[in-house]
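# Inside the fold
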Amino acid sequence: MSPPSTSVEPAAGHGDHPRFLAHHFDTPGQQFSAGKLGMWIFLVTEILLFGGLFCWYAVYRSNHPEIFEYAHRYLDKTLGAINTLILITSSLTMAWGVRCAQLGQRRLLVLCLALTLAGGSGFLGIKYVEYRQKWREGLLWASRFNPKEPPPAAAPATPKARPGKPASAWPPGLTEKPQALAPAATPAQREPVPQHVGLFFSIYFMMTGLHGLHVIAGMTAIGWILVRSVKGHFGPQYFGPVDYVGLYWHLVDLVWIYLFPLLYLIH
Amino acid sequence: MSTDAPALEAQPPVHEHGPMGHVVSPAVLLAVFAVLVLLTLITVAAATPRLDFGPWNVWIALGIATIKASLVALYFMHLRYDNPFYGLLFVTAPLFLAVLLGLVLLDVSGYQGDIQTG
């Protein structure tokens, strides 16, 4: 019926089977490798999911660089950088949590997972502040892009930064007048507004929104792991779920590592 | 048959290389974290108007992001210590993404001139 098992049971008193070893696996190690392989395959599909959006980004940025250079100034670099640091820190606490699970350090594992959850919440909180500000200022996707104000001035003297081009030579596709500016704006403030700036915000909301959903999913999974670690389910012989959830959380971090410079740091 | 093999396995893998993966040391975790923070600050600093490398800006930013991503994958995600098969699997994703991106951009730039001259 069952293949000859080479696994060695843990301490006596636990029956003839480790508590969390599924019956179709011979050893905890085999169960762990199978789960890990499945997780990695899932992560590959996740990269391909985001890959479609990165492809969208690349096509539009290569065709309309002026939209990206203009519109990204509406984003708050500082908040983006803080969020990057928060996610990196939560990745550290998650990786440390996996270590704790491997070593059977239950209290430290609970602490690490709680800190990781706090990092995820902080990230989403800052994202909420950013979204709310965009919403209030009319910085939305496609045709819903109706800005109340022009973006903060780029660099001091942007045109001079491009020595090859005269300052007045904007690429084709630019309107001469900023449509959405208040009539009271002084001529000095006027700057040609590229057409279809809403495109940038379509991409911004789609990419950061999908990423935000992943943060929520990751936090849900970490919450599940946290409950189980409080119950003391994990130890050197069984820490697979902590490891898999950790891999997922690191992937969420990886995607943001690319989103941050591509959306916030264009110049 | 052999009676001592199970006895050897009976010890739980608390040492650095158990049968179920490598336990990354706190020193490595903290060092990787420090480098990640440093690279984040560098990538922000490189995006100030004073430092303008023209068309290279985006490639510098992507290069730094790729170094950061590799550090996360190698150490936080254990790829450096794990069965290389997981790493091979993981690398197929950016590889196929590069094929997709490369061909799409070639195609788009192929007829972009026809659209924009009108």
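Residues numbered from 1 in each chain as written. Chains lettered and ligands numbered in written order. Predicted model: local features only at pLDDT ≥ 70, side-chain atom pairs only at ≥ 80, totals over all residues.

## Thoughts on the overall build of chain A
Threshold: Only DSSP runs of H or I covering at least 4 residues are called helices, and only runs of E covering at least 2 are called strands; the numbering of each starts at the N terminus. Buried residues are those with 20 or more other C-beta atoms within 10 Å of their own C-beta, exposed residues have 12 or fewer, and partly exposed residues lie in between; C-beta atoms are placed from the backbone. By the criterion used throughout, residues are in contact when their C-beta atoms, derived from the backbone, lie within 7 Å.
Counting secondary structure elements, chain A contains six helices and zero strands. Across chain A, helices and strands are ordered from the amino to the carboxyl terminus as α-α-α-α-α-α. Considering chain A as a whole, with its 267 residues, one finds that 36% of them fall into the buried category. Nonlocal contacts in chain A, meaning residues at least 24 apart in sequence, comprise 73% of its contacts between residues at least 6 apart.

## Details of the interface of chain B and chain A
How big an interface is tends to be reported as the loss of accessible area on association of its parts. Where we set the bar: Gly is placed with the polar residues, together with every amino acid not listed as nonpolar (Ala, Val, Leu, Ile, Met, Phe, Trp, Tyr, Cys and Pro) or charged (Asp, Glu, Lys and Arg).
With 46 residues of chain B at the interface, the matching set in chain A holds 44 residues. Within the residue set of the side of chain B that touches chain A, elements represented by two or more residues are α1 (4-9), α2 (26-45), α3 (57-76) and α4 (84-116) of chain B. Per-element accounting of the side of chain B that touches chain A gives the leading share, 15 residues, to α4(B). When its residues are assigned to classes, the side of chain B that touches chain A shows 34 nonpolar, nine polar and three charged.

## Overview of the packing of helix α6 (residues 240-264) of chain A against α3(B)
Relative orientation and spacing of two packed helices are given, respectively, by the angle between their axes and the distance between those axes. For the record, the criterion: Here, axes are lines fitted to C-alpha atoms. For helices the fit covers the stretch in contact, and angles between N-to-C directions go from 0 to 180 degrees. In this scheme, roughly parallel covers angles under 35 degrees and roughly antiparallel covers those over 145, while 65 to 115 is roughly perpendicular and the rest are oblique.
Relative to each other, α6(A) and α3(B) sit at 170°, their axes nearing to 9 Å. The angle between α6(A) and α3(B) places the two elements in the roughly antiparallel class. Packed against α6(A), whose contacting residues are A:His250, A:Asp253, A:Leu254, A:Ile257, A:Tyr258 and A:Pro261, the element α3(B) presents B:Ala61, B:Leu62, B:Ala65, B:Lys68, B:Ala69, B:Val72 and B:Phe76 at the interface. Taken together, the residues of the contact of α6(A) with α3(B) sort by class into 10 nonpolar, one polar and two charged.

## Re the nonpolar core
Quick reminder of the rule: In these notes, a nonpolar core means any group of buried Ala, Val, Leu, Ile, Met, Phe, Trp, Tyr and Cys residues linked to one another through C-beta atoms within 7 Å.
With 81 residues, the main nonpolar core has A:Ala71, A:Val197, A:Phe200, A:Ile222 and A:Val255 as its most contacted residues. Tallying contributions element by element places α6(A) first for this core, with 16 residues.

## Focus: α3(B)
Quick note on the threshold: Expected helix span is taken as 1.5 Å per residue step, with the number of steps being one fewer than the number of residues.
With 20 residues, α3(B) should reach 28 Å at 1.5 Å per residue; the first-to-last C-alpha distance of 28 Å fits that figure. Note on α3(B): the residue one or two positions beyond its end, B:His78, has a positive phi of about 70°.

## Observations regarding the environment of B:Leu79
Residue and element names in this part refer to chain B. When you line up the elements, Leu79 lands in the loop between α3 and α4. Sequence separation between Leu79 and His22 is 57 residues; the distance between their C-alpha atoms is 10.0 Å. Residues within four places of Leu79 in sequence aside, it is in contact with Ala73, Leu74, Tyr86, Gly87 and Phe90.

## Points about unusual backbone geometry
For residues that are not glycine, phi is negative in most cases, and the peptide bond is trans in most cases. Residue and element names in this part refer to chain A. Unlike most non-glycine residues, Ala142 shows phi in positive territory, near 40°. Considering the arrangement of structural elements, one finds Ala142 in the loop between α4 (106-136) and α5 (198-230). A residue is classified by how many C-beta atoms lie within 10 Å of it, and Ala142, with 12 of them, is exposed.

## Some details on α2(B)
End to end, α2(B) covers 28 Å across 20 residues, agreeing with the expected 28 Å (1.5 Å per residue, within 8%). Check the buried side of α2(B) and you find it contacts α3 (77-103) and α6 of chain A together with α3 of chain B.

## Concerning the packing of α3(A) against α4(A)
Residues and elements named next belong to chain A. So the rule is basically this: Handedness of a crossing follows from how the near helix is turned relative to the far one, being left-handed for an anticlockwise turn of less than a right angle and right-handed for a clockwise one.
It is the contact of α3 with α4, at a shortest axis distance of 8 Å, that shows an interaxial angle of 160°. Classed by the angle they form, the pair α3 and α4 counts as roughly antiparallel. Our pair here, α3 against α4, has a crossing hand that is left-handed. Residue composition of the contact of α3 with α4, by class: 15 nonpolar, nine polar and two charged.

## What to know about the environment of A:Pro151
Residue and element names in this part refer to chain A. Tracing the backbone shows Pro151 in the loop between α4 and α5. Taking the C-alpha atoms as reference, Pro151 lies 23 Å from Tyr258; in sequence the two are 107 residues apart. Filtering out sequence-adjacent residues up to four positions away, Pro151 remains in contact with Tyr70, Arg73 and Tyr74.

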